[in-house]
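Take a look at the letters that make up each chain.
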Amino acid sequence: MEKKTAQRIILLAIFSIAMGFLESAVVVYLRKIYYKDGFQFPLQPIDQLIGKTEILREACTLIMLVILGMMNGRTKTEKFGFFLFCFAIWDIFYYVFLKILLGWPESLLTWDVLFLIPVTWVGPVFGPIINSLTMIILALFISYFTDKSKQTRIILKEWVILILGSLIIIISYTSDYVTFIRRELTLQEIITFSEKVHQKAAAYIPENFCWPIFLTGELILLSGIWVFYYRNYKRLKIRN
């Protein structure tokens, strides 16, 4: 990897680590307000304004990470790779700082709320950490091959594999909550987003994380990364 690329990656990592601390700091404040005895399910009802603010904060965090990638990548593919890299570092150190500040999570199998858009995502902490490490691998491969050739890109076949793996992983994070909601509410109540939806959602306690679905998605992602790596490796070998 070229020296300039390595320096850029180090700076992006430092920035992302700082973002991870800011994210964990917000959680520290929220837990001091709503979970004085420690975080646990079911989720405590929160002020409507704070709830809306949290959803917007999540969206803005993603926007910041996207722009960070766009500002630093040399090509469209590397911009995407740097977004993945920053997201992954941010996510890993979010948990690192929570462990330092709050002594949480107790283990890698501790349940956490991962996202709120468009429905609640939940899963063991180990899940997003595995995903983050996978994103870092892909991002580093992209930058490595971009150093060798600015024509480096992810082709359609690889996109299909990566998107399929990602969708399957999303299903693993959302299936327990969706199953709970469908069991507790009628379709009309869900569509009309009645008051009963809020009541039932507030009583939700995760029961099962579908590791087989998660691992299937992860293996598909890794196979997509391998296809990308091997194709570019052969391309450069033939050229040289």
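Everything numeric here is computed off the predicted structure, so don't read it as measured data.

> Just to check I follow, could you spell out the pattern of salt bridges for this structure?
Side chains carrying opposite charge are able to pair once their charged atoms draw close together. According to the stated counting rule, one finds six salt bridges in the structure shown. Arg57 serves as the salt-bridge partner of Glu54, at 2.6 Å between the closest nitrogen and oxygen. Taken together, the residues Glu54 and Arg57, both in helix α2 (residues 48-72) and three residues apart, mark about one turn of the helix. Of the two residues examined, Glu54 and Arg57, each falls in the buried class. The network of salt bridges with shared partners includes Glu2, Arg74, Glu78 and Asp147.

> Would you explain the side chain of Arg31 in this entry?
With respect to the helices, strands and loops of the structure, Arg31 is situated in helix α1 (residues 3-34). The side chain of Arg31 is buried and forms no salt bridge, while Asp112, the nearest opposite charge, is found at 4.1 Å. For Arg31, the residues in contact, after removing those within four places along its chain, are Lys36, Phe39, Leu102, Trp104 and Asp112.

> Explanation requested: a nonpolar patch on the surface in the structure shown.
Taken together, the side chains of Phe21, Leu22, Val96, Ile100, Leu101 and Leu102 define a hydrophobic patch exposed on the protein surface, amounting to about 530 Å² of accessible area. For the nonpolar patch, the secondary-structure elements that each account for two or more residues are α1 and α3 (76-102). For the nonpolar patch, the element with the most residues is α3, which contributes four residues. As for its placement among the helices and strands, Phe21 is situated in helix α1.

> In this structure, what is going on with α2? I would like to understand it.
It helps to recall that an α-helix has 3.6 residues per turn; residues three or four apart then point in one direction. Over its 25 residues, α2 runs 37 Å from end to end, which matches the ideal 36 Å to within 8%, given 1.5 Å per residue. Listed as buried for α2 are Gly51, Glu54, Arg57, Glu58, Thr61, Leu65, Leu68 and Gly69.

> Would you mind showing me how to read the side chain of Asn131 here?
You can see Asn131 is positioned in helix α4 (residues 126-148). Not counting chain neighbours up to four residues away, the residues in contact with Asn131 comprise Ile169, Tyr173, Phe214 and Glu218.

> Please clarify how the packing of α1 against α2 should be interpreted in this entry.
Packed helices, taken two at a time, are described by their axes: the angle between them and the distance between them. One can describe the packing of α1 onto α2 by two numbers: an axis separation of 12 Å at closest approach and a directional angle of 175°. Classed by the angle they form, the pair α1 and α2 counts as roughly antiparallel. For the pair α1 and α2, the contacting residues are Arg8, Leu12, Phe15, Ser16, Met19, Glu23, Val26, Leu30 and Tyr34 in the first and Ile50, Glu54, Arg57, Thr61, Met64, Leu65, Leu68 and Asn72 in the second. Within the contact of α1 with α2, the residues separate by chemical class into 10 nonpolar, three polar and four charged.

Rules of the game
- Residues numbered from 1 in each chain as written.
- Predicted model: local features only at pLDDT ≥ 70, side-chain atom pairs only at ≥ 80, totals over all residues.
- Heavy atoms only, no water.
- Salt bridge = Lys/Arg side-chain N within 4 Å of Asp/Glu carboxyl O.
- Helix = DSSP H or I, 4+ residues; strand = E, 2+ residues; numbered from the N terminus.
- Buried < 20%, exposed > 50% of the residue type's maximum accessible area, 1.4 Å probe, protein only.
- Lys, Arg positive; Asp, Glu negative; His and termini not counted.
- Contact = heavy atoms within 4.5 Å.
- Patch = residues over 30% accessible without salt bridge, like charges linked within 9 Å, V, L, I, M, F, W, Y side chains within 5 Å.
- Areas by Shrake-Rupley, 256 points an atom, 1.4 Å probe, with all protein chains shown as cover.
- Expected span 1.5 Å × (residues − 1).
- Axes fitted to C-alpha atoms, helices over the stretch in contact; angles between N-to-C directions.
- Parallel < 35°, antiparallel > 145°, perpendicular 65-115°, else oblique.
- Nonpolar A, V, L, I, M, F, W, Y, C, P; charged D, E, K, R; others polar.

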